[in-house]
Amino acid sequence: MAVESLKTLRRRVRTVRNIKQITRAMEMVSAAKLRRAQATLLAARPYARKLQDLLARVAASSTVAGNPLFHERPGKRRVLVVFTSDRGLAGSFNVNIARTAEEQMRSEPDAQWRLICIGRRGRDYFTRRGYDVIDSVVGLGGQADSQQATRLADRLREMFLAGEADTIDLLYARFISTVVNRPMVVQFLPMTPEALQIGKKKEPAIAAHETEYIIEPSPQAVFDQLLPRYLSSRVYITMAEQATSEHSARMVSMNNATKNCTELGDQLTLKLNKARQGAITKELLDIVGGAEALQKG
Amino acid sequence: MADFKLQVYTQEKKIYDDDVTSIVVPGLQGYFGVLAHHAPLLAALGQGKLTVRKGAEEHVYEIAGGFLEVRDNIATMLVDKLREAA
């Protein structure tokens, strides 16, 4: 028994040590990817901000009313775009997002919900549970992709304009800090004038400027051209933020795993040393006992 | 000749930031040029060639649409795609 447990203990210590090496490596990789994702997010912000700025400048109530992307419809056909990661091992990251999606759908049971899944995890989860997954994008590999973002935004816009969906929401993990991210549902379409005018306080200044601006070819034309870009940029930023959250979540969960390995390894090593010492003591006793028996005899 | 600032952004990042002498952009209703001290302008751009002059240097890029804003001697362009013309 003692010999056997010595052997198994040794094996377990080695296993834990190997796992620890892996989790630590994954933590490092995630940290590097997190930095890159943050840089991507940061680099994408000026474009988005400028675009929003321009939109607010040319948006007047007349231009907004004239654009079908702002029309609210009473219909109940809702589309939820769920962003998850392609890979797991990120703790409760994807589970939290999936749960938020299910809560969202349950909160309006009489609506007809359809899902578009970005990320393999979400696609597999919702397909397995029999949800109506109408489309999916997988293989982004935890990175925002400008082309895919544009394609997705165009697809969503067409769905909305064709009347296939009355509302479209995005569900993604909002990056709050390296250790905190929160699943959030934001309305994508129809667009709301409030969502556009972020700088409401600046409005008098904008209005004053507006009279001086030469707008080519016309405010309505510029506005209508800005909107698709704005939507695409929103999807891109969402992807970038989702990627940032994913890598931070994985980094944190791998950091925890590494810590747990250290703890478990220490415990097992202690056990192993005790067992080894016990075995040596027993052997010594045997030898001493044998020698004494010989002397007596 | 006076210079002005040109900044070009794509959805992904800032790709150009420099002082230039003049630019020629593909407006929706034809090409037009911008020099320093241009009046405030906001224009939608189509697909075509963007010509940037900096002193005696001239660079030509291809863009696939976007926007140009000129204000306070700063030209800001938001473009869908930009690449150096062959």
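About the criteria used
- Residues numbered from 1 in each chain as written.
- Chains lettered and ligands numbered in written order.
- Predicted model: local features only at pLDDT ≥ 70, side-chain atom pairs only at ≥ 80, totals over all residues.
- Helix = DSSP H or I, 4+ residues; strand = E, 2+ residues; numbered from the N terminus.
- Rg over C-alpha atoms; globule rule 2.2 N^0.38 Å.
- Buried ≥ 20, exposed ≤ 12 C-beta atoms within 10 Å, placed from the backbone.
- Expected span 1.5 Å × (residues − 1).
- Arc of directions from axis to C-beta.
- Contact = placed C-beta atoms within 7 Å.
- Nonpolar A, V, L, I, M, F, W, Y, C, P; charged D, E, K, R; others polar.
- Pairing = 2+ DSSP bridges.
- Axes fitted to C-alpha atoms, helices over the stretch in contact; angles between N-to-C directions.
- Parallel < 35°, antiparallel > 145°, perpendicular 65-115°, else oblique.
- Left-handed = near helix turned anticlockwise from the far one by under 90°.

(A) How the structure looks around the overall build of chain A. From N to C terminus, chain A includes eight helices and six strands. Tracing chain A from N to C terminus, the helices and strands come up as α-α-β-α-β-α-β-α-β-β-α-α-β-α. Here the C-alpha radius of gyration of chain A, 29 Å, is well above what a compact globule of 297 residues would show, namely 19 Å. Along the longest, intermediate and shortest principal axes, the C-alpha atoms of chain A span 120 × 40 × 30 Å. Sorting the 297 residues of chain A into buried and exposed places 31% on the buried side.

(B) Representation of helix α4 (residues 120-128) of chain A. Of all the residues in α4 of chain A, the buried ones are R120, R121, G122, R123, Y125 and F126 of chain A. Positive phi appears at G130 of chain A, one or two residues downstream of α4 of chain A, with a value of about 80 degrees.

(C) Looking closely at unusual backbone geometry. Residue and element names in this part refer to chain A. A cis amide bond, omega 0 degrees, links L189 with the succeeding residue P190. Note that P190 resides in the loop between β5 (181-189) and α6 (193-196). A cis geometry characterises the amide bond from E216 onward to P217, with omega recorded as -10 degrees. Its location among the elements puts P217 in the loop between β6 (214-216) and α8 (219-296). In this model, L89 sits at a positive phi of 55 degrees, which is unusual for a non-glycine residue. Note that L89 resides in the loop between β1 (77-83) and α3 (93-107).

(D) Just α3 of chain A, in detail. Residue and element names in this part refer to chain A. Compared with the 21 Å implied by 1.5 Å per residue over 15 residues, the 22 Å span of α3 between its first and last C-alpha is a close match. For α3, the set of buried residues is F93, N94, I97, A98 and A101. Down the axis of α3, the buried side of the element spans an arc of 130 degrees, and every buried residue falls inside it. Residues R99, E103, R106 and S107 are exposed on α3 and point more than 90 degrees away from its buried face. Contact partners of the buried residues in α3: β1, α4, β4 (167-175), β5 and α8.

(E) Examining the interface of chain A and chain B more closely. Facing the 24 residues of chain A at the interface are 19 residues of chain B. For the side of chain A that touches chain B, the elements supplying multiple residues, two or more each, are α1 (2-58), α7 (203-212), β6 and α8 of chain A. A class-by-class count of the residues in the side of chain A that touches chain B yields 15 nonpolar, five polar and four charged. Note that β6 of chain A and strand β5 (residues 41-54) of chain B share three bridges and pair parallel. Within β5 of chain B, the position partnered with I215 of chain A by the bridge is L42 of chain B.

(F) Fine view of the packing of helix α5 (residues 146-161) of chain A against α8 of chain A. Residues and elements named next belong to chain A. For the pair α5 and α8, interaxial distance at closest approach is 8 Å and the crossing angle is 125 degrees. Between α5 and α8, the crossing angle belongs to the class labelled oblique. Note that α5 runs across α8; the crossing there is right-handed. Within the contact between the two elements, α5 uses S146, A149, T150, L152, A153, D154 and R157 and α8 uses P228, L231, S232, V235, Y236 and M239. Residues belonging to the contact of α5 with α8 are distributed by class as follows: eight nonpolar, three polar and two charged.

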